[in-house]
Amino acid sequence: MKKTTTRLADGRELIYYDLRDDAVRGERDARPLDPVATAAEIRHDRLLGDSVVIASHRQARTYHPPADECPLCPSQAFGTAGGRLSEIPAPDYDVAVFENRFPSLAGDSGRCEVVCFTPDHDASFADLTEEQAALVLEAWTDRTAELSQLPGVAQVFCFENRGAEIGVTLGHPHGQIYAYPFITPRTERMLSSLAAHHEATGRNLFDDTVADELADGRRIVLDGEHWVAFVPYAAHWPYEVHLYPKRRVPDLLALDDAARTEFPQIYLEVLRRFDRIFDEGTSRGPRTADTSRTPYIAAWHQAPPRAEHRGDFALHLELFTIRRTSGKLKFLAGSESGMNVFINDVPPEAAAERLREVASE
């Protein structure tokens, strides 16, 4: 992998991650951009004890542009067919990461980055080769390392939103990284449960969770040498898969070479199964129309870099869809939105069985 860091016209950082060591990145961003102006503010909810980000400037962000105006596609020189300038000055790239032009978090309030997985506008993460997926993993790891060192950053969150139903405003295959100035409420709850379980049993909650799923077996989706994917016992979402390395590590930086090598095989297979769970046909080939793809959120959970007993935390990825059956979505209605009590229409054991049924041939 070769990493090249440069700047966009408005001063934002842009990083290329190339598979080839001899890649040369000298393209200049020729757009007449004004400096980024943000109005992000973090407010504390006194009743719930959590934080809310107020970011009114994001109302002006790019919203469902046509494919030929996509800001995440490589730039094309004017004077050629389809000439345009984008957030990526280069005419091609492998993986590109840049500071978000419309960040939810900025300055003393954190940082937001965009991760472009491929220059192919019509592709998806599931369409990547294992080599390409491994490069994305390297980019996530490198950005976690660098962002964790920024003053005031308390947690780094790598994630992907896919599909218009999720709320994605750009169709190009991409994810994001948030560097929060606080530990998120969800992670705080995990850390609290982790401590309580250790106090009660003397054991690690994450280790016990993985061991229990492996022993039960009914909710296992994929069982590799270094990773295991399963539908959790108390799944919140109709189809939800948690992916854990079998050797507990606190974050992406701590993965060993064996786990890094196997990750693309396991993760790509899980994603491809997600794209088939609502397919009434028998096709095992790649999906091409974005409307036929399953909308999902893929979220990496890592130990906060300065958390106490961070070595007890277990890195894992949570993947879930808001689609509960063909043509029907799982809406967060009164119980979920009002009281944070989820009601799942699909038994986790049935979801796991379906995900095993649609395995690649």
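Whatever comes next refers back to the structure up there.
Summary of the structure given here. Nothing here was measured: the structure is a model prediction, and the numbers come from that model. (Residues numbered from 1 in each chain as written. Predicted model: local features only at pLDDT ≥ 70, side-chain atom pairs only at ≥ 80, totals over all residues. Heavy atoms only, no water.)

## Regarding the overall build of the chain
Right, on to step 1. The number of helices and strands found in the chain is 6 helices and 15 strands.
Right, on to step 2. Relative to a compact globule of 361 residues, whose C-alpha radius of gyration would be 21 Å, the chain shows 21 Å and is just as compact.
Right, on to step 3. Dimensions of the chain, computed from the C-alpha atoms along their principal axes, are close to 65 × 50 × 45 Å.
Right, on to step 4. Looking at the chain as a whole, 49% of its 361 residues are labelled buried.
Right, on to step 5. Residue pairs at least 24 apart in sequence account for 62% of intrachain contacts in the chain once pairs closer than 6 positions are excluded.
Right, on to step 6. Mean positive and mean negative side-chain charge positions of the chain (40 and 57 charges, respectively) differ by 3 Å. (Helix = DSSP H or I, 4+ residues; strand = E, 2+ residues; numbered from the N terminus. Rg over C-alpha atoms; globule rule 2.2 N^0.38 Å. Buried < 20%, exposed > 50% of the residue type's maximum accessible area, 1.4 Å probe, protein only. Contact = heavy atoms within 4.5 Å. Lys, Arg positive; Asp, Glu negative; His and termini not counted. Charge placed at Lys NZ, Arg CZ, Asp CG, Glu CD.)

## Notes on the packing of aromatic side chains
Right, on to step 1. Following the criterion strictly, the structure yields 20 aromatic pairs and no others.
Right, on to step 2. Each ring, one from F117 and one from W140, has its centre 6.4 Å from the other, and the planes form 85°; the classification is edge-to-face. You can see F117 sitting in the loop between strand 6 (111–116) and helix 1 (130–148) and its partner W140 sitting in helix 1, a full 23 residues away along the chain.
Right, on to step 3. In this structure F117 comes out as buried when scored by relative accessible area, which is 1%.
Right, on to step 4. The class for W140 is buried, based on a relative accessible area of 3%.
Right, on to step 5. With a centroid separation of 4.6 Å and 15° between ring planes, the pair formed by F157 and F159 is classed as stacked. There is no split in this pair, since F157 and F159 are both buried.
Right, on to step 6. Grouped by ring-pair contacts, the aromatic residues F117, F125, W140, W227, F263, Y267 and W300 constitute a single cluster.
Right, on to step 7. Positioned above the aromatic ring of Y16, the side-chain terminus of R25 is 4.6 Å from the ring centre. (Phe/Tyr/Trp six-rings, centres within 6.5 Å; stacked < 30°, edge-to-face > 60°. Lys NZ or Arg CZ within 6 Å of the ring centre and 35° of its normal.)

## Re the side chain of E213
Right, on to step 1. On the secondary structure map, E213 appears in helix 3 (residues 205–216).
Right, on to step 2. Here the side chain of E213 touches R219 through a polar contact of 3.0 Å, side chain to side chain.
Right, on to step 3. Leave out the neighbours within four places in its chain, and E213 touches R219, I220, F230, V231, P232 and Y233. (Polar contact = N/O pair within 3.5 Å; in protein donor to acceptor, adjacent residues only side chain to side chain.)

## Quick word on the environment of P66
Right, on to step 1. Positionally, P66 belongs in the loop between strand 4 (51–55) and strand 5 (95–99).
Right, on to step 2. P66 sits 104 residues away from L170 along the chain, and the two C-alpha atoms are 9.3 Å apart.

## Remarks on the environment of P151
Right, on to step 1. Positionally, P151 belongs in the loop between helix 1 and strand 7 (155–162).
Right, on to step 2. On the basis of relative accessible area, P151 is assigned to the exposed category, the value being 79%.
Right, on to step 3. As a C-alpha pair, P151 and E188 span 37 residues in sequence and 20 Å in three-dimensional space.

## Quick look at the side chain of Q302
Right, on to step 1. Residue placement: Q302 occurs in the loop between strand 12 (296–301) and strand 13 (316–321).
Right, on to step 2. A polar contact of 3.2 Å, which involves the side chain of Q302, links it to the side chain of T144.
Right, on to step 3. A polar contact is formed between the side chain of Q302 and the backbone nitrogen of L252, at a distance of 3.0 Å.
Right, on to step 4. Those residues in contact with Q302 that sit more than four places away from it in its chain are T144, V156, C158, P250, D251, L252, F313 and L315.

## Observations concerning the packing of helix 1 against helix 4 (residues 257–274)
Right, on to step 1. Two elements in contact, helix 1 and helix 4, have axes whose closest approach is 9 Å; the angle formed by their N-to-C orientations is 115°. Relative to helix 4, helix 1 is oriented so that their crossing is right-handed. Contacts between helix 1 and helix 4 involve E130, A133, A134, L137, E138, W140 and T141 on the former and, on the latter, R260, F263, P264, Q265 and L268.
Right, on to step 2. Considered class by class, the residues forming the contact of helix 1 with helix 4 number 7 nonpolar, 2 polar and 3 charged. (Axes fitted to C-alpha atoms, helices over the stretch in contact; angles between N-to-C directions. Left-handed = near helix turned anticlockwise from the far one by under 90°. Nonpolar A, V, L, I, M, F, W, Y, C, P; charged D, E, K, R; others polar.)

## Looking at the pattern of salt bridges
Right, on to step 1. According to the stated counting rule, one finds 34 salt bridges in the structure shown.
Right, on to step 2. Taking the shortest distance from any N to any O, the salt bridge between R260 and E138 comes out at 3.6 Å. Placement of the pair is R260 in helix 4 and E138 in helix 1, with a sequence separation of 122 residues.
Right, on to step 3. Owing to a relative accessible area of 30%, E138 belongs among the partly exposed residues under this scheme.
Right, on to step 4. Between D216 and R218 there is a salt bridge whose closest N-O contact spans 2.9 Å. (Salt bridge = Lys/Arg side-chain N within 4 Å of Asp/Glu carboxyl O.)

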